[in-house]
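# Notes for the structure review
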Amino acid sequence: MKYTIAEFNKQFPDEVACLDEMFKRRYGHLIKCPKCSKRAAFHRAKNRKVYACQFCGYQLSPLAGTIFHKSSTPLKLWFHAIFLFSTSKNGVAAKELQRQLGVTYKTAWRMAAQIRKLMGQDDEPLAGEVEIDETFYGKGGTHQTKFKNKHAIIGMVERKGKIKAKQLPNRQAALILPVIKEAVVRGSRVITDEYRGYDKLSYSAYGYQHHNVKHGKGHYSWKGQNTNTIEGFWGQLKTSLRGTYHFVSPQHLQSYIDEFAWRYNNREGISPAFVALLARVSQVAQLG
Ligand SMILES: [Zn+2]
């Protein structure tokens, strides 16, 4: 769903509008005051980021525990940054955030890192037809033949569904098989290339219907034998990492993988990706 900067600015013209939104998201469901138990309205305290019960004065803080809480950056700028992340296809460089928001580079970099944390992958496993493939990322080009100093990324994607991708030190079967087992429901039809690390997927320990693209392994030939979807994702990921972020170090790589997986998974939601990302702010806070 399309959500433009004009709509964004209309919906969130100022700090109060952003704060009210956070209050509504976090405490909008409250019917009674948690303290005095009366059916109360909560009013925003003047010049403060809290809302107080009309009867007993009990205060609720919609930003407590969120990425906004201890930040001196205005909420409106945070919202704007989240908007940029949610509408961009190729990611948002800290330099670009700095330019658009008028904050320092350091602040922009920190904001981007925090927003990326909101984009973490969930634990819900994939099912149905799942393409699985691995790729490599690191200095010195993206060729598989030179992967000595590279990290592996294992990716799993449901046809017309969700994606999961995880960074690993290498692509040994001992590392990739447990990741697949956790991420893909047993019995699913999995499609891989001919890499031998996948050979055990059809063993009873894993229990998948395994199709191998190159050799057409499996019990019957089947026209859906390709890994085009996951390969498309790798293409998008690498183009964006190179074009927007230039180089990402191994200790940050997973958060960038999460960013692009999130974008893929929210590509055609019923609500705008912006709303989905904003919803994560309070959810992440409540998870602890
Ligand atoms: Zn009260």
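What the domain assignment reports for the protein is domain 1 (1–64) and domain 2 (129–265). One C-alpha centre belongs to domain 1, the other to domain 2; they are set 42 Å apart.

Before going further, it helps to spend a moment on the nonpolar core. Counting residues in each nonpolar core, the largest one holds 62 residues, and the members touching the most others are Phe68, Phe79 and Leu97. Per-element tally for this core: the top contributor is helix 3 (residues 75–87), with nine residues. The two domains that each donate at least three residues to this core are domain 1 (1–64) and domain 2 (129–265). With residues near it in sequence (within four places) discarded, Phe68 still touches Met22, Leu63, Leu75, Trp78, Phe79, Ile82 and Val281.

The zinc ion binds to the protein through Cys33 (SG), Cys36 (SG), Cys53 (SG) and Cys56 (SG); the donor distances cover 2.3 to 2.4 Å. Around the zinc ion, the four donor atoms sit at angles spanning 105 to 113°, and that spread fits a shape best called tetrahedral. All donors of the zinc ion come from a single chain, and their spacing in sequence reads C-x2-C-x16-C-x2-C. When its relative accessible area of 26% is taken as the criterion, Cys36 is described as partly exposed.

This part takes up unusual backbone geometry. Even without a glycine there, the phi angle at Ser37 is positive, about 65°. Checked against the element boundaries, Ser37 lands in the loop between helix 2 (15–27) and strand 1 (42–44). Exposure remark for Ser37: the relative accessible area of 47% places this residue in the partly exposed category. A positive phi is found at Lys160, a non-glycine position, where the angle reads about 55°. With respect to the secondary-structure elements, Lys160 resides in the loop between strand 5 (151–158) and strand 6 (163–168). By relative accessible area, Lys160 is classed as exposed at 84%.

Definitions and cut-offs
- Residues numbered from 1 in each chain as written.
- Predicted model: local features only at pLDDT ≥ 70, side-chain atom pairs only at ≥ 80, totals over all residues.
- Heavy atoms only, no water.
- Domains from an automatic or database assignment.
- Core = buried A, V, L, I, M, F, W, Y, C linked by side-chain atoms within 4.5 Å.
- Buried < 20%, exposed > 50% of the residue type's maximum accessible area, 1.4 Å probe, protein only.
- Helix = DSSP H or I, 4+ residues; strand = E, 2+ residues; numbered from the N terminus.
- Contact = heavy atoms within 4.5 Å.
- Donors = N, O, S within 2.8 Å, 3.2 Å for Na, K, Ca; no water.
- Tetrahedral: all angles 85-135°; square planar, octahedral: opposite > 155°, others 65-115°.

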